[in-house]
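Structural overview for review
Read off the chains here:
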Amino acid sequence: MKSINGGESFECQHGPLECEGNMAQSCILNFLPEQDRQVSYVSCQMDFNADPRGWECAFRSGVNLVNAQQCAEGPLGVQLQLEAERRTRQIPLTFVPTIVFNDQFDQSLTDRAFTDFFGVMCELTNNGAVGC
């Protein structure tokens, strides 16, 4: 996602629906303060059958959909996307999407996360403890 005129609009590789989905995801994650709920949401979203805008997974994660939609359509959503863009520019991107854990890029973790995101998160957050 690339901002135009400081967030007046955004341009995405796969068009406007992708931008809309990115904005919704940023807002939804913003409303999920607990890491386990964030992981649950992202794991749900990584399913190819998931709603591309994220509303179904947000609902499953306990997000207030009215607040999330207001965010996605307002200045908070723009602010969150500009911050996501800033952070993305700090990563050596070679493939989109690239998954970064703890602000560090690791190709092995990224590769594994595409097939077992929840497992990778369990490993990283619980020091490999069984039964995450």
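These lines cover the structure that appears in this document, whether it is placed above or below. The model shown is predicted, which means the values in this text are computed figures rather than measured ones.

Brief notes about the environment of Leu 124
Take Leu 124: it is sitting in helix H6 (residues 107-125). Since its relative accessible area comes to 30%, Leu 124 is described here as partly exposed. As a C-alpha pair, Leu 124 and Val 39 span 85 residues in sequence and 12 Å in three-dimensional space. Those residues in contact with Leu 124 that sit more than four places away from it in its chain are Phe 101 and Leu 109.

Topic: helix H1 (residues 16-30)
End to end, H1 covers 21 Å across 15 residues, agreeing with the expected 21 Å (1.5 Å per residue, within 8%). Along H1, the residues that are buried comprise Cys 19, Gly 21, Met 23, Ala 24, Ser 26, Cys 27 and Ile 28. Where H1 is buried, its residues touch strand E2 (9-11), helix H2 (35-45), helix H3 (55-61), helix H4 (65-72) and helix H5 (75-88).

Overview of H5
For H5, spanning 14 residues, the distance from its first C-alpha to its last is 20 Å, which sits close to the expected 20 Å at 1.5 Å a residue. Residues of H5 that are buried include every one of Gly 77, Leu 80, Gln 81 and Glu 85, and no others. The buried residues of H5 occupy an angular sector of 140° when the element is viewed end-on, so they sit on one face. Every exposed residue of H5 that faces more than 90 degrees away from the buried side is listed here: Pro 75 and Gln 79. In this structure, the buried side of H5 is in contact with strand E1 (2-4), E2, H1 and H4.

Concerning the layout of surface pockets
In this structure, the second largest pocket spans a volume of roughly 180 Å³. If you trace the second largest pocket, you find it lined by Met 1, Phe 10, Pro 16, Cys 19, Glu 20, Met 23, Ala 24, Arg 53, Trp 55, Gln 69, Ala 72 and Glu 73. Elements with a contribution of two residues or more to the lining of the second largest pocket: H1 and H4. Of the residues belonging to the lining of the second largest pocket, the class tally is eight nonpolar, one polar and three charged.

Definitions and cut-offs
- Residues numbered from 1 in each chain as written.
- Predicted model: local features only at pLDDT ≥ 70, side-chain atom pairs only at ≥ 80, totals over all residues.
- Heavy atoms only, no water.
- Helix = DSSP H or I, 4+ residues; strand = E, 2+ residues; numbered from the N terminus.
- Buried < 20%, exposed > 50% of the residue type's maximum accessible area, 1.4 Å probe, protein only.
- Contact = heavy atoms within 4.5 Å.
- Expected span 1.5 Å × (residues − 1).
- Arc of directions from axis to C-beta.
- 1 Å grid on protein atoms, 1.4 Å probe; cavity = no way out; pocket = protein on both sides within 12 Å on 5 of 7 lines; lining within 4 Å.
- Points joined across faces, edges and corners; volume = space filled by probe spheres on them.
- Nonpolar A, V, L, I, M, F, W, Y, C, P; charged D, E, K, R; others polar.

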